Amino acid sequence: MNFPHIHDPELMLLTPDDDVTDPEVTILVPSLNEELTIGTFVDWCRQGIAASGAAVEILIVDSSTDRTPEIARERGARVLRTPKRGLGRAYIDAIPFVRGKFIIMGDADCTYDFRQIAPFIEAFRKGSEFVMGSRFKGTIEDNAMPPLHRYFGTPLTTWILNRMFGSGFSDIHCGMRGISVDALLRMDLRSQGWEYASEMVLKSVHMELATTEVPIHFLKDPEGRLSHMKRRGWMEPWRAGWRNLQAMFVYGFDFFLVWPGLLLLALGLIIMLPLLTGPMSIAGVRFSSNAMLFAMALAVLGQSMLISAAIGRVIFDYSGHVQPRLERLLPYNATIWGSVIAVLAGVLLAVPLFDSYVGNGYVLPEIGIETNWAVFGLWLIITAFQIFISGLMIRALGVMLPVKKPAPPLAG
């Protein structure tokens, strides 16, 4: 496989004297000036590797200006020296240098207990492609997580994501997580900073990865260490939270389209269809052509939202199933002829109003049932155009976007 970053002259791989051969799993962790903790962290990793019985390499992606890389290599880790260009970018840079089939990620600050990696490896061997650690299902040491994060930020954003995507995560911001290399390559991460974590979770849902959660131990910062979040000031947690929400909105924009679109379309049709027989009154409120125009606007807006959601799902589909499914829903010939018939029906419904217009000396007559028919006919014409164009766009996306195939089943 051709990796674009492997020839990057700014990247340099340092290997330890007792390097692992043919690893099954890679512990992949970025670091930045972690001189205080990196030695203990690598030692914890080696204890976890011994307890798991698996062949595991430790790959530290380092942008430090202190002795972090030297200490890590001396303790038995591979070190990939990179420029300082973001947490997400560190993972992207590291992908070509990963030798394992599975990756376990985390932080090098000894807040995640890498002496307990066996549950991740066991989950991989049982077929999971994405393994999320959960601090809330495990243990959280006193003072390890600020109350704002523990009781507000993380539960709230986790709840939002689960509502948007129908997922069942308990801790979407847990930094200790695992993923198969095949899934990570197909995921094609783009985020350069903290928001990579949300991008990964969101794409795992879009990709329908086999996912499980394992409880983990979350520990407070070692004595003398100040977290990177605190180093950036009191506003940084809020900025990080907003960036994570932005990622949710981008990758989950169809959440704001599907159900509202269905509601608006249904409401528009509920109002329009009865008015085809003429004005009506409900509880003393009269509905006539003005209501018909309002209902048409609702229906057009609703179906536009649904069409946008369908196109978005094709773009964000990693299973390769959505685009063929929509093509089957909108078969080419049937869509063309259905659109033609809808346009003709719309024109015919407008004929009585046009006839009255001509017969009245080219002046619109008083509003009557012919106006309601014409409005409904106009809606049919707009709908036919939207469906026809959306069918073409979906097929064009199928031609232009890379072919996406489901991942082969993992060996159990």
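Residues numbered from 1 in each chain as written. Predicted model: local features only at pLDDT ≥ 70, side-chain atom pairs only at ≥ 80, totals over all residues. Heavy atoms only, no water.

Caption draft 1: Highlighting the overall build of the protein. The secondary structure content of the protein amounts to 14 helices and ten strands. In terms of overall size, the protein is more extended than a compact globule, its C-alpha atoms giving a radius of gyration of 29 Å where 412 residues would be expected to give roughly 22 Å. Expressed along its principal axes, the backbone C-alpha trace of the protein runs to roughly 95 × 45 × 40 Å. When the 412 residues of the protein are sorted by exposure, 48% land in the buried category. Surface exposure of the protein reaches about 20600 Å², of which carbon and sulfur atoms provide 63%. Here the protein contributes 36 positively and 39 negatively charged side chains, and the mean placements of these two sets differ by 1 Å. (Helix = DSSP H or I, 4+ residues; strand = E, 2+ residues; numbered from the N terminus. Rg over C-alpha atoms; globule rule 2.2 N^0.38 Å. Buried < 20%, exposed > 50% of the residue type's maximum accessible area, 1.4 Å probe, protein only. Areas by Shrake-Rupley, 256 points an atom, 1.4 Å probe, with all protein chains shown as cover. Lys, Arg positive; Asp, Glu negative; His and termini not counted. Charge placed at Lys NZ, Arg CZ, Asp CG, Glu CD.)

Caption draft 2: Molecular detail of the side chain of Ser31. Its place among the elements puts Ser31 in strand 2 (residues 25–31). On the basis of relative accessibility, which here comes to 6%, the residue Ser31 falls in the buried class. Polar side-chain contacts of Ser31 include one of 2.6 Å to the side chain of Asp62. With residues up to four places along the chain from it excluded, the contact list for Ser31 reads Ile60, Val61, Asp62, Ser63, Ser64, Thr68 and Ala108. (Polar contact = N/O pair within 3.5 Å; in protein donor to acceptor, adjacent residues only side chain to side chain. Contact = heavy atoms within 4.5 Å.)

Caption draft 3: How the structure looks around the pairing of strand 4 (residues 78–81). The pairing of strand 1 (residues 12–14) with strand 4 spans three bridges and is classified as antiparallel. Note on strand 4: the bridge partner recorded for Met12 is Arg81. Across four bridges, strand 3 (residues 56–62) lies against strand 4 in parallel orientation. Each bridged residue has a counterpart across the sheet, and for Ile60 the counterpart in strand 4 is Val79. Tracing the backbone out of strand 3, into helix 2 (residues 68–74) and back to the parallel element strand 4 gives a crossover that is right-handed. (Pairing = 2+ DSSP bridges. Right-handed = clockwise from strand over helix to strand, strands pointing away.)

Caption draft 4: Representation of the environment of Phe294 within the structure. For Phe294, the location among the structural elements is in helix 11 (residues 289–315). Assessed through its relative accessible area of 52%, Phe294 is described here as exposed. With 80 residues separating them along the chain, Phe294 and Val214 place their C-alpha atoms 52 Å apart.

Caption draft 5: Spotlight on the nonpolar core. Within the largest apolar cluster, 78 residues are counted, with the highest numbers of intra-cluster contacts made by Ile27, Phe41, Ile60 and Phe114. Ignoring sequence-local partners within four residues, the contact set of Phe41 consists of Val29, Ile60, Asp107, Ala108, Cys110 and Phe114. Counting residues in hydrophobic clusters, the runner-up holds 14 residues, among them Ala291, Met296, Ala299 and Leu380. (Core = buried A, V, L, I, M, F, W, Y, C linked by side-chain atoms within 4.5 Å.)

Caption draft 6: The arrangement of the packing of helix 11 against helix 14 (residues 369–400) in detail. The contact between helix 11 and helix 14 brings their axes to 10 Å, and the two run at 5°. With respect to their mutual orientation, helix 11 and helix 14 come out roughly parallel. Broken down by class, the residue content of the contact of helix 11 with helix 14 amounts to 18 nonpolar, eight polar and no charged. (Axes fitted to C-alpha atoms, helices over the stretch in contact; angles between N-to-C directions. Parallel < 35°, antiparallel > 145°, perpendicular 65-115°, else oblique. Nonpolar A, V, L, I, M, F, W, Y, C, P; charged D, E, K, R; others polar.)

Caption draft 7: Focus on the state of the cysteines. Counted under the stated rule, the structure contains zero disulfides. With no disulfide of its own, Cys45 lies 8.5 Å from the sulfur of Cys110, the closest cysteine sulfur. (Disulfide = S-S within 2.5 Å.)

Caption draft 8: Quick look at the packing of aromatic side chains. In the structure shown here, the tally under the stated rule is five aromatic pairs. Measuring from centroid to centroid gives 5.0 Å for Tyr91 and Tyr196, while their planes differ by 40°, and the two rings are tilted. In this pair, Tyr91 sits in helix 3 (residues 87–94) while Tyr196 sits in helix 7 (residues 196–206), placing the two residues 105 residues apart along the sequence. Of the two residues, Tyr91 and Tyr196, both sit in the buried class. Measuring from centroid to centroid gives 4.5 Å for Phe102 and Phe124, while their planes differ by 15°, and the two rings are stacked. Separated by 22 residues along the polypeptide, Phe102 in strand 5 (residues 102–105) and Phe124 in helix 4 (residues 118–125) bring together distant segments of the chain. Both residues of the pair, Phe102 and Phe124, belong to the buried class. (Phe/Tyr/Trp six-rings, centres within 6.5 Å; stacked < 30°, edge-to-face > 60°.)

Caption draft 9: Spotlight on helix 1 (residues 38–52). Taking 1.5 Å of rise per residue, the 15 residues of helix 1 would be expected to cover 21 Å, and the 21 Å separating its terminal C-alpha atoms lies within 8% of that figure. All buried positions along helix 1 are accounted for by Ile38, Gly39, Phe41, Val42, Trp44, Cys45, Gly48, Ile49 and Ser52. Tucked into the core, helix 1 has its buried residues touching strand 2, strand 3, helix 2 and helix 4. Where helix 1 ends, the next residue or the one after it, Gly53, has phi of about 75°, a positive value. (Expected span 1.5 Å × (residues − 1).)

Caption draft 10: Quick look at the environment of Val351. Relative to the assigned elements, Val351 resides in helix 13 (residues 332–359). Of the residues examined, Val351 reaches a relative accessible area of 42% and is grouped as partly exposed. For Val351 and Ala374, which are 23 residues apart along the polypeptide, the C-alpha to C-alpha distance reads 7.7 Å.

Caption draft 11: Examining the pairing of strand 2 more closely. Along strand 2, seven of the seven residues are buried, which leaves the element largely enclosed by surrounding structure. Of the two faces of strand 2, the one carrying Val25, Ile27, Val29 and Ser31 and the one carrying Thr26, Leu28 and Pro30 are both buried. As judged from the seven bridges shared by strand 2 and strand 3, these two strands associate in the parallel manner. Each residue of the ladder has a partner; that of Val29, found in strand 3, is Ile60.

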